[in-house]
Amino acid sequence: MSFHIAIIGGGVSGLSAAYYLQQQALSSGQALDITVYERKPQFGGNADTVVVKLGTLQNGQGQPERAFIRWADLGVNDVNLATYVKLAALMKDIGYLQHMKPLQDTTSYFTADGNEYLTDDAALYNGVSDARFNLAQTDGGELSKLIAVVHQHAIDLVAPPAGGPPPVPVSYTVAHYFDSCIANPEGMLAATARRLQIQINWGDPAIPARIARIRDEIYYPRISAMYFTDNETGPGGMPLQSPFQYYRVQEGGVTPDRRYFEYGSQHWLQALARWMEQHSTDKVKVRHHMGAPVKVTISPASAVVTPSDAPPEHVDLVLMALHADDALHALEFKGIPTDTAHAIQATLHQVRYTRSYGVCHTDDRLLPRNRNVWRTYNVLVHSPAQQVQPYRMSYVENFHQNDPLTPSLDHIGLPMFFTSLLPDLKQVQANAVLTRLNGDEVPQNLRDALPHLAQSHAPAHHPQTGYSHELGATHAHLAGKAWALFKHNVLNVNCIDAQSRMQAINEDNAQRPLMPLFFGGGWTNGAGLHEQCLAQSQLLTQWAQRYINRHQAA
C-alpha cells in the first residue's frame, strides 16, 4: 500500500524535499505518493520572475522594428556554485546545470549625496575600473588587504576550521566584533593575516581608523542590505553568525562562482517540478496541487489536508515547508499532547518577519549618481546616525545577466533596467515601474521557458506572486506592474534559537513518533539560502524515512 506524504509549500524547500523523497523511494522500491500543495498558481516562495517591455527597437530609418523585451527576478536571483554543492549535484542530476550562467560579481558602495563611491571590481568583465574608487587601490591597497583579513577572521569565528575553538556564542554581535578589532587589531587579526599570507604593518596608527571605515562603509551597509537584518537593532545588533554564515555560503569558496538562473529562478523551479512529474511511476508519484491555501489537522497517527478548492484528504505524513507564521496559521492539533503542541506553537511564534518589495524599474535615482560606478550590486551607504534603516539593494540587470557575454545585448544604446529591493514602493517613481507582460504579449521562447506567463491576467488585478495578496487594494494604481511583496524571517537571536528548537522537535519526533509532522522551509536553517534549504530537505527526508519505517513496523 502506498504511503501518502503531503508537502505544504511549493518553494525550493518543498520541491527539493519532494525530489529527495522521490529519489529515495525509487531507489528502495518503496511505494510513495507525494503531493506538493502551493497557495499560489505558480511555484516560487520568494521567487518571482517577470517579463517586461523596455521600449521598441528602431530600424535606423525612423521605423519601429520590434519590442525590446527582457526578463528579471524580483526575489531570489543568484547562487554561488563554488559552495552550493548540494544544489549543483541536484541540477546536474536533472540536467539543469547548463542553465546556470555566470554573472558579473561586482559591487558599488555609494552615499545618497554622491560624495563617496567605492567599487569592488575584482570580477569586472569588459568594463572600466576607476582607480579613484576601486577598493583594491584605495588607501594604497591597505584597505582591501585589511578587508580580506577581517572577513576571513569573522567567518572563522562563526564557522571555525577543523581543530579550532568553538564558534562564538549567538549573543556575540557584529558591533562587538568590530569594537574588538578596533581596540586590538593585532591581537584579533594577526594570526588570520599570517594564515592568509597577507602582510600588514600592525604598528601603523591608521589601522583602527581603517577598520572603522570598513565597518561603516562596507559591512554595515552590506548587512543593512541583507533581507534578514533586524530593522530594530540595525546591522551592529545582529548576531555575528547571521551575516558571516551567509557570506560563507553565498560568497565563499576559494574562487566564488556566482551564477544567475537562465530565464529566472522560476524557470529552475518549474524545471524541477516538471522533472519529478516526468519521472513518476505507478509506484512512486509526485503531484502538485496549485492555487489554493490549505488547512492541516494533525492527530497522533494521521493528518488531514484541506485545500480551499477541494475536499479534505487524509494523508500519512505532513512536511511543512513554508514560513513559520504561515505554518502557525495553517496548523490545527487534535489529540496531540498539550505540551508538544504548545512547544511547536511557541517555537513558530519566536520567528519575526519583515516585509519588503522587489520592483523592476528604470528609475536611476536609486543608483549611484555617477553612472561609471554602476555595478551589478549597488549598496546605499547610510550615515552612522542612520544605520538602523530598512534594507535597500539595487541590481543593474544588464550586469547581473552579464549582457557583455550575449552578443545581441552587448550594444551601446540598449536601455538599462534595474531591480530594487525596498521597504516602500513609493521610493520608486510610479511611471518608472515597468509593466508585467503576460499571455500573448510574451515572446514564444519566454512562454516556453516560463509557462506561468502564458496565462493572461486582467491589467486591473495584480497577479498572485510573493505575498502581494496580503496588501488587498493597496498599490492598486500599480496593479499589473513588475513588483512583488516578499517576507523574510529576521535572523536574530530569537530566530536562531527557534531554528535549534525546531530541529530538536523534528529529531525527537523521528526517534519516538508523536505525530505525522515535520518542519522544513527556509526559516529552519540559517538565512534560508538555496543550499541551506536543500540541507534541511535532506534532513526532512531522513526524518520522514525513519517515521515511515516505524509506522510500517507498527
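For the structure given in this document, a descriptive report is provided here. (Residues numbered from 1 in each chain as written. Predicted model: local features only at pLDDT ≥ 70, side-chain atom pairs only at ≥ 80, totals over all residues. Heavy atoms only, no water.)

1. A word on the packing of aromatic side chains
At step 1: The final tally for this structure, using the stated rule, is 21 aromatic pairs.
At step 2: On the numbers, 6.4 Å between centres and 85° between planes, the contact of Phe178 with Tyr220 is edge-to-face. With a gap of 42 residues between them, Phe178 in helix α4 (residues 174-183) and Tyr220 in helix α6 (residues 207-224) connect regions that are remote in the sequence.
At step 3: These aromatic residues form a ring-pair network of at least three members: Tyr177, Phe178, Tyr219, Tyr220, Tyr227, Phe228, Phe244, Tyr246 and Tyr247.
At step 4: Stacked on the ring of Tyr353, the Lys or Arg Lys487 has its end atom at 5.4 Å from the ring centre. (Phe/Tyr/Trp six-rings, centres within 6.5 Å; stacked < 30°, edge-to-face > 60°. Helix = DSSP H or I, 4+ residues; strand = E, 2+ residues; numbered from the N terminus. Lys NZ or Arg CZ within 6 Å of the ring centre and 35° of its normal.)

2. So, the pairing of strand β20 (residues 483-489)
At step 1: Across the 7 residues of β20, 7 count as buried, placing the element largely inside the fold.
At step 2: Going residue by residue along β20, you find Trp483, Leu485, Lys487 and Asn489 tucked away on one face and Ala484, Phe486 and His488 tucked away on the opposite face as well.
At step 3: Note that strand β16 (residues 353-361) and β20 share 7 bridges and pair antiparallel. What sits directly across from Thr354, in β20, is His488. (Buried < 20%, exposed > 50% of the residue type's maximum accessible area, 1.4 Å probe, protein only. Pairing = 2+ DSSP bridges.)

3. A look at the packing of helix α1 (residues 12-28) against helix α14 (residues 530-553)
At step 1: Two numbers describe how α1 lies on α14: the axes approach to 8 Å, and their chain directions differ by 45°. Put simply, α1 runs oblique to α14. Classified by chirality, the crossing of α14 by α1 is right-handed. Along the contact surface, α1 presents Val12, Ser13, Ser16, Ala17, Tyr20, Leu21 and Gln24, while α14 presents His530, Cys533, Leu534, Ser537, Gln538, Leu540, Thr541, Ala544 and Gln545.
At step 2: A breakdown of the residues in the contact of α1 with α14 according to their chemical character gives 8 nonpolar, 8 polar and no charged. (Axes fitted to C-alpha atoms, helices over the stretch in contact; angles between N-to-C directions. Parallel < 35°, antiparallel > 145°, perpendicular 65-115°, else oblique. Left-handed = near helix turned anticlockwise from the far one by under 90°. Contact = heavy atoms within 4.5 Å. Nonpolar A, V, L, I, M, F, W, Y, C, P; charged D, E, K, R; others polar.)

4. As for the side chain of Asn46
At step 1: You can see Asn46 is positioned in the loop between β2 (32-38) and β3 (49-58).
At step 2: In terms of polar contacts, Asn46 uses its side chain to reach the backbone carbonyl oxygen of Lys487, at 3.1 Å.
At step 3: Setting aside chain neighbours within four positions, we find Asn46 in contact with Gly75, Val76, His323, Tyr467, Phe486, Lys487 and His488. (Polar contact = N/O pair within 3.5 Å; in protein donor to acceptor, adjacent residues only side chain to side chain.)

5. Details of the sheet that holds β2
At step 1: Pairing is parallel across the open sheet formed by 5 strands, whose spatial order is β10-β2-β1-β14-β21. Every interior strand has two partners, whereas the edge strands, β10 (284-290) and β21 (517-519), have only one. Recorded for the sheet is a direction-independent mean angle of 20° between the axes of neighbouring strands.
At step 2: In terms of strand pairing, strand β14 (residues 317-320) meets β21 through 3 bridges, oriented parallel. Within β21, the position partnered with Met320 by the bridge is Phe519.

6. A short note on the nonpolar core
At step 1: By size, the foremost hydrophobic cluster in this structure holds 141 residues, and its most contacted members are Tyr177, Trp268, Val318 and Met320.
At step 2: Apart from the residues within four sequence positions on either side, Val318 is in contact with Ala6, Ile8, Val296, Ile298, Ala303, Val305, Pro516, Leu517 and Phe518. (Core = buried A, V, L, I, M, F, W, Y, C linked by side-chain atoms within 4.5 Å.)

7. Digging into the sheet that holds strand β6 (residues 100-102)
At step 1: Spatially, the 3 strands line up as an open sheet ordered β5-β9-β6, and their pairing is antiparallel. The strands lining the two open edges of the sheet, one partner per strand, are β5 (78-80) and β6. Across the sheet, the mean angle separating the axes of adjacent strands is 40° when strand polarity is ignored.
At step 2: Where β5 meets strand β9 (residues 258-261), 3 bridges bridge the pair, whose relative direction is antiparallel. Bridge pairing in β9 places Val79 opposite Arg259.

8. Let's talk about the pattern of salt bridges
At step 1: Throughout the structure, instances matching the rule amount to 28 salt bridges.
At step 2: Arg215 is paired through a salt bridge with Asp179; the nearest N and O atoms lie 3.9 Å apart. Of this pair, Arg215 sits in helix α6 while Asp179 is found in helix α4, placing the two residues 36 residues apart along the sequence.
At step 3: The partner of Glu507 in a salt bridge is Arg546, with the nearest N and O atoms 2.8 Å apart. Linking Glu507 in helix α13 (residues 493-511) with Arg546 in helix α14, this pair joins segments that are 39 residues apart in sequence.
At step 4: For Glu507, a relative accessible area of 29% puts it in the partly exposed group.
At step 5: Each of Asp325, Asp326, Arg355 and Lys487 takes part in one network of salt bridges that share partners. (Salt bridge = Lys/Arg side-chain N within 4 Å of Asp/Glu carboxyl O.)

9. Looking at the packing of α4 against α6
At step 1: Running from N to C, α4 and α6 point in directions that differ by 160°, and their axes come no closer than 9 Å. As the angle between them shows, α4 and α6 are arranged roughly antiparallel. Here α4 and α6 pass one another in a crossing that is right-handed. Contacts between α4 and α6 involve Val174, Ala175, Phe178, Asp179, Cys181 and Ile182 from the first element and Pro208, Ile211, Ala212, Ile214, Arg215, Tyr219, Tyr220 and Ile223 from the second.

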